[in-house]
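Next come the chains, spelled out residue by residue.
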Amino acid sequence: FIYRDMGEWEKAKDATQKSIELMPDDGNSWIEFGDMATAMGLKKEALDAYQKAIELMPNSPIPHEFYAFGLYMFGQEEESLNSLENAYNIVPFLPLANLVEGRFAYKKGDFKKAEESYNESQKVFKGLSEAFEMLSLFSKGVLYAENGMITEANNIINELKKFEGATGSYCLRGGIHLYLEEIEKGFSLIQEGIDKNSPYYYIKVDPLFKKFKSNPEFIKILKSYGL
């Protein structure tokens, strides 16, 4: 994780591979490798790792959730929805699955469903995963910004400020500023997060950031993070 936050991606990948070598039958090692590969944009390696975790953890919804998350990031909607269904068949209330559902609802323009899913995801992740709680907030902030709810979007930015120092806080705030068309402020915060070794590590693959992929400043930022 330290290597990942520093943008030392090959070293980060090597560390997760070493974890698999030490514990080849531990599904969590495969999930960690899949998560790292997802952030790097290595589609086949990521999805193969999640599938291996599913094989090793047949009674756990977690690898199904991460598989659905990875499939969403790589644009495979139908397969992602199938994996969500598999996860829900094991446990009916899952925060990462809620987050992915919210992203699909957002894509389809279903504001109410997206907001409800993000709220549920945020609530369950609170105290469980700081990174994914912030990601739920960011997703909701983008939803508000895209729907012209400027005050609500700024309220989310202020909520994210409470996580200052947490990995991803600066970048996710910056992402909402981009959607508010405060471009200079947005890119400045994203770069600040990377410079402080506190990046949003899915920034290369997250569809909500891909909107800016052709912007020269965004390309420069990705390069500064080794992507």
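What this report covers is the structure whose coordinates are included nearby. These numbers were taken from a predicted model, which means no experiment stands behind them.

**Thoughts on the environment of F132**
Item 1. With respect to the element layout, F132 can be found in helix α9 (residues 130-146).
Item 2. Taking the relative accessible area as the measure of exposure, F132 reaches 9% and is therefore buried.
Item 3. In the structure, F132 is positioned 40 residues away from P92 in sequence and 19 Å away in space, judged by C-alpha atoms.
Item 4. Filtering out sequence-adjacent residues up to four positions away, F132 remains in contact with F66, F69, L96, L99, F125 and Y202.

**A look at the pattern of salt bridges**
Item 1. Inspection of every chain in the model, using the stated rule, returns twelve salt bridges.
Item 2. Across the pair K44 and D48 runs a salt bridge whose closest N-O atoms are separated by 2.7 Å. With K44 and D48 both in helix α4 (residues 43-56), this residue pair falls four residues apart, about one helical turn.
Item 3. Two residues, K211 and E146, come together in a salt bridge whose shortest N-O distance is 3.7 Å. Here K211, found in the loop between α13 (207-210) and α14 (216-224), pairs with E146, found in helix α9; they are 65 residues apart in sequence, far enough to count as distant.
Item 4. The partly exposed category is assigned to E146, whose relative accessible area is 41%.
Item 5. In the salt-bridge network here, residues are joined through shared partners; they are E77, K107 and K108.

**Some details on the nonpolar core**
Item 1. Of all hydrophobic cores here, the largest spans 75 residues; its most connected members are F132, I190, Y200 and Y202.
Item 2. Examining the composition of this core, we find that nine residues originate from one element, α9, more than from any other.

**Points about helix α8 (residues 111-125)**
Item 1. With 15 residues, α8 should cover 21 Å at 1.5 Å per step; its first-to-last C-alpha distance of 21 Å lies within 8% of that length.
Item 2. For α8, the set of buried residues is A114, S117, Y118, S121, Q122 and F125. With its buried residues spanning 130° around the axis, α8 presents them on a single face. What points out from α8, more than 90 degrees from its buried face, is the exposed set K112 and K123.

Conventions used here
- Residues numbered from 1 in each chain as written.
- Predicted model: local features only at pLDDT ≥ 70, side-chain atom pairs only at ≥ 80, totals over all residues.
- Heavy atoms only, no water.
- Helix = DSSP H or I, 4+ residues; strand = E, 2+ residues; numbered from the N terminus.
- Buried < 20%, exposed > 50% of the residue type's maximum accessible area, 1.4 Å probe, protein only.
- Contact = heavy atoms within 4.5 Å.
- Salt bridge = Lys/Arg side-chain N within 4 Å of Asp/Glu carboxyl O.
- Core = buried A, V, L, I, M, F, W, Y, C linked by side-chain atoms within 4.5 Å.
- Expected span 1.5 Å × (residues − 1).
- Arc of directions from axis to C-beta.

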